[in-house]
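Chain residues, written in single-letter form:
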Amino acid sequence: KIEKAKPIKCGTFGATSLQQRYLATGDFGGNLNIWNLEAPEIPVYSVKGHKEIINSIDGVGGLGIGEGAPEIVTGSRDGTVKVWDPRQKDTPVANMEPVQGESKRDCWTVAFGNAYNQEERVVCAGYDNGDIKLFDLKTMSLRWETNIKNGVCSVEFDRKDVNMNKLVATSLEGKFHVFDMRTQHPTKGFASVSEKAQKSTIWQVRHLPQNRDIFMTSGGAGSLHLWKYEYPAQRSKKDSEGAEMGVAGSVSLLQNVTLSTQPISSLDWSPDKKGLCVCGAFDQTVRVLIVTKLNKV
């Protein structure tokens, strides 16, 4: 148990090795800190990353997840999304901020993807107004954007270390959207399917590490829903102009359970024990669960 002066909003092990086990955290003061849990008194890396609270953090390049540099991405209420390489002090390696005249939106969620070789990498960010933006770190440009009309609570690629395949985005009003990220149409972007999962906020989505077509969503009504994505017969087709466009599949509910009267705000799967997961809720309880029969779906 380690206590710090500033409240911590988010954390990740994603940019470190299993041997090192450095924990990167974002706090209410906008600080990004990296802690060695064996000697947690002073952070091994510290930067005043944002002007306001860091809402979301993700790491890649460590834990055998994704090729390339061990980077950390942070999203903040100040409207910016920044990518950090802990080997570079004080300044981010990428900074995505609103263009001049554009109003700043509260960034609620960030996720890495497409890190299948040393050069390729993208960051997806979701905002309070329903905006989803995909930043290409290879070209340092905005690759795609859309709006799902409601605050984006969580985004996650089905795997970080493969060619972009699928992205799930969950929202404030109980809907989630699955985007097929294999085919990007010049004007229509990525094909997607949406599902009204429940009446309340879907706080988080997490894909099963051992089967990326199965994912769990956690809800404001204290419930967990387990979903399976079915691919269409053909994942792409040509439009009237001859341009390739994606075809969305379908989503089916495998199982759901209500665990709490309070929202389940965080969730994670075990990377090596299939079906083992943990969740935290507003009732200040951490629950460890096991999901069985996953090899049969």
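Everything numeric in this text was worked out from a predicted model, so none of it was measured.

## Comments concerning the pairing of strand β15 (residues 175-180)
Then, number 1: With 5 of its 6 residues buried, β15 lies for the most part within the structure.
Then, number 2: Two strands pair when backbone bridges link them, and strand β14 (residues 166-171) and β15 are joined in this way by 5 bridges, in the antiparallel orientation. Paired with Thr170 across the strands is Phe176, a residue of β15.
Then, number 3: Hairpin connection of β14 to β15: 3 residues between the antiparallel strands, including Gly174 at a positive phi of 90°.
Then, number 4: Judged from the 5 bridges that link them, β15 and strand β16 (residues 192-196) form a sheet pairing that is antiparallel. Residue Phe176 lies in a different strand from β16, and its bridge partner there is Glu195.

## Section: the UniProt feature "repeat: WD" (unreviewed entry) in the protein chain
Then, number 1: Per the UniProt entry, the sites bearing "repeat: WD" (unreviewed entry) are residues 72-85 in this numbering.
Then, number 2: For residues 72-85, helix accounts for 0% and strand for 64%, while the C-alpha atoms at its two ends are 7 Å apart.

## A look at the sheet that holds strand β9 (residues 107-113)
Then, number 1: Across the sheet, which stays open at both edges, the 4 strands sit in the order β9-β10-β11-β12 with antiparallel pairing between neighbours. At either end of the open sheet lies a strand with only one pairing partner, and these are β9 and β12 (141-147). Mean inter-strand twist for the sheet, computed between neighbouring axes without regard to direction, equals 20°.
Then, number 2: Where strand β10 (residues 122-127) and strand β11 (residues 131-136) come together, 5 bridges link them in antiparallel fashion. If you follow Val122 over to β11, its bridge partner there is Asp136.

Criteria and thresholds
- Residues numbered from 1 in each chain as written.
- Predicted model: local features only at pLDDT ≥ 70, side-chain atom pairs only at ≥ 80, totals over all residues.
- Heavy atoms only, no water.
- Buried < 20%, exposed > 50% of the residue type's maximum accessible area, 1.4 Å probe, protein only.
- Helix = DSSP H or I, 4+ residues; strand = E, 2+ residues; numbered from the N terminus.
- Pairing = 2+ DSSP bridges.
- UniProt positions renumbered as here; feature names shortened; annotations may be inferred.
- Axes fitted to C-alpha atoms, helices over the stretch in contact; angles between N-to-C directions.

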